[in-house]
Amino acid sequence: MLGLFVVYPAYYTARLAFYKSGYLYDFTNYVGLQNFRDLFQDKDFVDVSHFPPSGALINNIRWIIFYVPLCLILGLALAVLTIRVRYESAVKSIIFIPMAIAATAVGVIWLLVYSPNPDIGTLNAVIHALGGNPVSWLGQENTVNYALIIAYVWASTGFAMVVLSAALKGIPTEIIEAARVDGAGEWNIFRRIMLPMLSLPISIVSVWLFINVIKVFDIIYVMTDGGPGTSSRVIAYSMYKETFYNAFPGKGAAIAVIMLLFLIPVMILNIRRFKSERVMT
Amino acid sequence: MVRWITRSPVHIVLLAIAALWLVPTVALLVTSFRPRDDALSTGWWHVFSSHLTLANYSEVIHTGGMGHAFLNSLYITIPATILPLALGAMAAYAFAWTRFPFRDTTFLLIVALMVVPVQTAFVPLLKFFRDHGHLNTEFYGIWLAHTAFGLPLAIFLFRNFFITLPRDLIEAARMDGASEFAVFRRVVIPLSVPALASFGIFQFLWVWNDLLMALIFVSDPSKQPMTVKITQLLSTYAQEFHLLAAASFLLMGVPLIVFFALQRYFVQGLLAGSVKS
């Protein structure tokens, strides 16, 4: 079953990336690397001719630069802070709840936050109350990607927090107590004991966030449909559009291959981790 | 000892973040109960000046098609959860407790398959479904697609859980003449409820919340789940947040109930799924 529905399709798609196929999705009209060449000359996919660069691939890089560290830092800060208060589980539940919410609904929730109408949109109401002018966060090219990233950070931070918090509790208290007795300040304890001991869980969370970036689609489809224009497209979105709207399955297949290439390091990492665990048991 | 942080800033920061995390959802929840005229003219924070109503829910359920879409979501999600659960458990049993050629190599391949993005399967699967009795106009297509992409994770998790079961127990059952299937059903499954529950919840949420695969593999409009329906409502009612809000909470309701009822399994399930793409 896996062979028929996962392995063979992946092979089929990889092969299709070298054909200029029509709606029948067949292997006629071999074009070699032409689909990949087209893709990298497509201004909607990658455009480095101006600053800041734009295009779907560039947007994924933008997501990696902002979304991954923001989730990590917030998750880590919440893990470290919640441990010190008695209402820890209540705060953690609140932060974690968005993990249960479909990205489709997350999109609607944040459409209301970002609504350009200051009588309705939460964020613009706050700005208006402070004397500022309302901003169309999703309607202009220079803010739309960051607005989407923040909405998704809201949805994903809970995961980072829960993993890091569990790992933090696994650090033996004697180590931290001993450091305190030796006169280490809280910042040093965090930097020199907690951070190094959390390196494995941090890498696990980073990989998860990275996978999220490569496949992010639903929230963009719901909130902006890739717009305004094509400014908030990502590779998963372009793959969908090229294949099912523009009827360029070969180009879509080329994007799917690029997505797979991004994820192959994760594949290797998983296999390595699995093998090393097996040595220990 | 000088503390770099005193107590009160910690409380303030935490409460501020918690509020920040709660407000967007609460705003939508409030909006879902506000009458149309109020929701179109004033913000959700005027909640106390409007009388709250369930009219939006009944409107999206009856005229908006969300009631039908809710049932479709169930029809899609339940088989698409049970199938990989059952097949995955059986395959994992074979990987954990029986011997066959290339067992370990095959298992490594399955570990690798966990990160294959669904995008690589869209076109070939759609073609396959089209060529074989239009499976995508029924629910079969989406069931098969979700099962195939849920299986690697299921096999991986279950196999890793099954090998931790005591060997003596399984050997003893075999000595008593139990068939492999009886060992699997009467010994392994009852002991593996936590692992099965974690994956079950993960897969349920994954399918329930999925938009992309439903867009592609459910081609009959009368069979579309709630996620797809909401995107259609968005294009019809772009600014009518009272309806969009009610529709969204119908979609969010089931996962939120699962979250509050089974919080421990819920978190474990999501952690377990973190290796998947």
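Points about the domain arrangement of chain A
Residue and element names in this part refer to chain A.
For step 1, the next point in the chain: Domain boundaries assigned for chain A yield domain 1 (1-55 + 234-281) and domain 2 (57-229).
For step 2, the next point in the chain: Of note, the centres of domain 1 and domain 2, computed from C-alpha atoms alone, are 28 Å apart.
For step 3, the next point in the chain: At the interface, 15 residues of domain 1 touch 14 residues of domain 2.
For step 4, the next point in the chain: Mapped onto the side of domain 1 that touches domain 2, the elements with two or more residues apiece are helix 12 (235-244) and helix 13 (249-280).
For step 5, the next point in the chain: Per-element tally for the side of domain 1 that touches domain 2: the top contributor is helix 13, with five residues.
For step 6, the next point in the chain: Here the side of domain 1 that touches domain 2 is composed, by residue class, of 13 nonpolar, two polar and no charged.

Re the domain arrangement of chain B
Frequently, the measure chosen for interface size is the accessible area that the parts lose on association.
Residue and element names in this part refer to chain B.
For step 1, the next point in the chain: On domain assignment, one finds that chain B holds domain 1 (7-53) and domain 2 (64-275).
For step 2, the next point in the chain: The C-alpha-based centres of domain 1 and domain 2 are spaced at 34 Å.
For step 3, the next point in the chain: Elements with a minimum of two residues in the side of domain 1 that touches domain 2: helix 1 (7-32) and helix 2 (36-41).
For step 4, the next point in the chain: With four residues, helix 1 is the largest single contributor of residues to the side of domain 1 that touches domain 2.
For step 5, the next point in the chain: Considered class by class, the residues forming the side of domain 1 that touches domain 2 number three nonpolar, two polar and two charged.

Brief notes about the nonpolar core
For step 1, the next point in the chain: Membership of the largest hydrophobic core comes to 182 residues, with the highest contact counts inside it found for V106, V108, I219 and M259 of chain A together with A247 of chain B.
For step 2, the next point in the chain: In contact with A247 of chain B, other than residues within four places in its own chain, are V60, G64, M66, I230 and L233 of chain B.

Comments concerning the interface of chain A and chain B
For step 1, the next point in the chain: Each partner contributes residues to the interface: chain A has 67 residues there, and chain B has 66 residues.
For step 2, the next point in the chain: Of the residues assigned to the side of chain A that touches chain B, the class counts are 53 nonpolar, eight polar and six charged.

So, how was this worked out
- Residues numbered from 1 in each chain as written.
- Chains lettered and ligands numbered in written order.
- Predicted model: local features only at pLDDT ≥ 70, side-chain atom pairs only at ≥ 80, totals over all residues.
- Domains from an automatic or database assignment.
- Contact = placed C-beta atoms within 7 Å.
- Helix = DSSP H or I, 4+ residues; strand = E, 2+ residues; numbered from the N terminus.
- Nonpolar A, V, L, I, M, F, W, Y, C, P; charged D, E, K, R; others polar.
- Core = buried A, V, L, I, M, F, W, Y, C linked by C-beta atoms within 7 Å.
- Buried ≥ 20, exposed ≤ 12 C-beta atoms within 10 Å, placed from the backbone.

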